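Here are the chains, one letter per residue:
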Amino acid sequence: MNDDMMTTPILELHGVERTYRTGAGALPVLKGVDLSLARGAWCCVFGASGSGKTTLLNLVGALETPDAGTICVDGCDVSRLSRSEAARFRRVKIGFVFQAYHLLPELSALENVALAGRLAGMSAHAATQKAKTLLAETGLGERLNHRPRELSGGEQQRAAIARALMNDPALLLADEPTGNLDAEKGRAILDLFVELRRRDPSRSILMITHNPEIGRYADRVVVLRDGILYEDRCDAQ
């Protein structure tokens, strides 16, 4: 990666708005959100339940489209992509880590991770070999052939993180990644995120959570309140 790319923010949001229409009328969730995230930074977004954190993550991940404003990820304005373009973009630029893991129950850990590579165009052999490497790096080298129901919650989340890394995404989006885990397993998952950044300092993370303790792992903390993003702490850019 050249110096110009390293100095260009991995993520830029300008004036992002999102309103949902309900039977009771309009429900504004995001009201002119601005955010710039440097490459290699880990940013935590805090907010109460219903504050719009997941909506923000969905917009950044091109799962939804804003009503106004722009969202640029790695230089691409994802708010202007068609549905098919957004799907292709997500496969190569975004890695998703969800609270509920979202592993396919009929597939083994190895098959779940390799599938992400196959969907992005990798050969079966290349996808399998890379999946094995990633699962070993996330502590599941001895659990390759276990299906999700045979894995603990922490192990399932490790498999989900390996899957998110399959296509070397520029940005990891994590939605309450420790929300279904006890304190010990949750800390282990956060330590894994720290290790992943150590291995690849250009890896950027946008994580939403309601757990203030997670903020100490991040470089930067922002708070979503009444549809507006407020800077809370910034130790590094």
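Everything here concerns the structure above.
So, how was this worked out
- Residues numbered from 1 in each chain as written.
- Predicted model: local features only at pLDDT ≥ 70, side-chain atom pairs only at ≥ 80, totals over all residues.
- Heavy atoms only, no water.
- Helix = DSSP H or I, 4+ residues; strand = E, 2+ residues; numbered from the N terminus.
- Rg over C-alpha atoms; globule rule 2.2 N^0.38 Å.
- Buried < 20%, exposed > 50% of the residue type's maximum accessible area, 1.4 Å probe, protein only.
- Contact = heavy atoms within 4.5 Å.
- Areas by Shrake-Rupley, 256 points an atom, 1.4 Å probe, with all protein chains shown as cover.
- Lys, Arg positive; Asp, Glu negative; His and termini not counted.
- Charge placed at Lys NZ, Arg CZ, Asp CG, Glu CD.
- Disulfide = S-S within 2.5 Å.
- Pairing = 2+ DSSP bridges.
- Phe/Tyr/Trp six-rings, centres within 6.5 Å; stacked < 30°, edge-to-face > 60°.

Some points on the overall build of the chain
The helix and strand tally for the chain stands at seven helices and ten strands. In summary, the chain has a C-alpha radius of gyration of 18 Å against a globular reference of 18 Å for 237 residues, a match within 12%. A burial count over the chain gives 48% of its 237 residues as buried. Looking at the chain alone, contacts between residues at least 24 apart form 70% of all its contacts between residues at least 6 apart. Of the roughly 11100 Å² of accessible surface on the chain, 49% is carried by carbon and sulfur atoms. Averaged over its 29 positive side-chain charges, the chain has a centre that lies 5 Å from the centre of its 30 negative ones.

Points about the state of the cysteines
Counting across every chain of the model gives zero disulfides. The thiol of Cys43 is not disulfide-bonded; the next cysteine sulfur, from Cys44, is found 7.0 Å away. Overall, the relative accessible area of 0% leaves Cys43 in the buried class. In this structure Cys44 comes out as buried when scored by relative accessible area, which is 0%.

Quick notes on the sheet that holds strand E2 (residues 25–37)
The strand order E2-E1-E4-E5 describes an open sheet built from four strands, whose pairing is antiparallel. Across the chains shown, the open sheet's two edge strands, defined by having one partner strand only, are E2 and strand E5 (76–77). Taken together, the five bridges between strand E1 (residues 11–22) and strand E4 (residues 68–73) define a ladder with antiparallel strand orientation. Counterpart to Leu11 in the pairing with E4 is Val73.

As for the packing of aromatic side chains
As enumerated under the stated definition, the model contains three aromatic pairs in all. On the basis of an interplanar angle of 45° and a centroid distance of 5.8 Å, the ring pair of Trp42 and Phe193 is categorised as tilted. Remark: Phe193 occurs in helix H7 (residues 183–199) and Trp42 occurs in strand E3 (residues 42–46); sequence separation between them is 151 residues. Its relative accessible area of 0% is what places Phe193 among the buried residues. Arranged with centres 6.4 Å apart and planes meeting at 35°, the rings of Trp42 and Tyr217 form a pair that is tilted.

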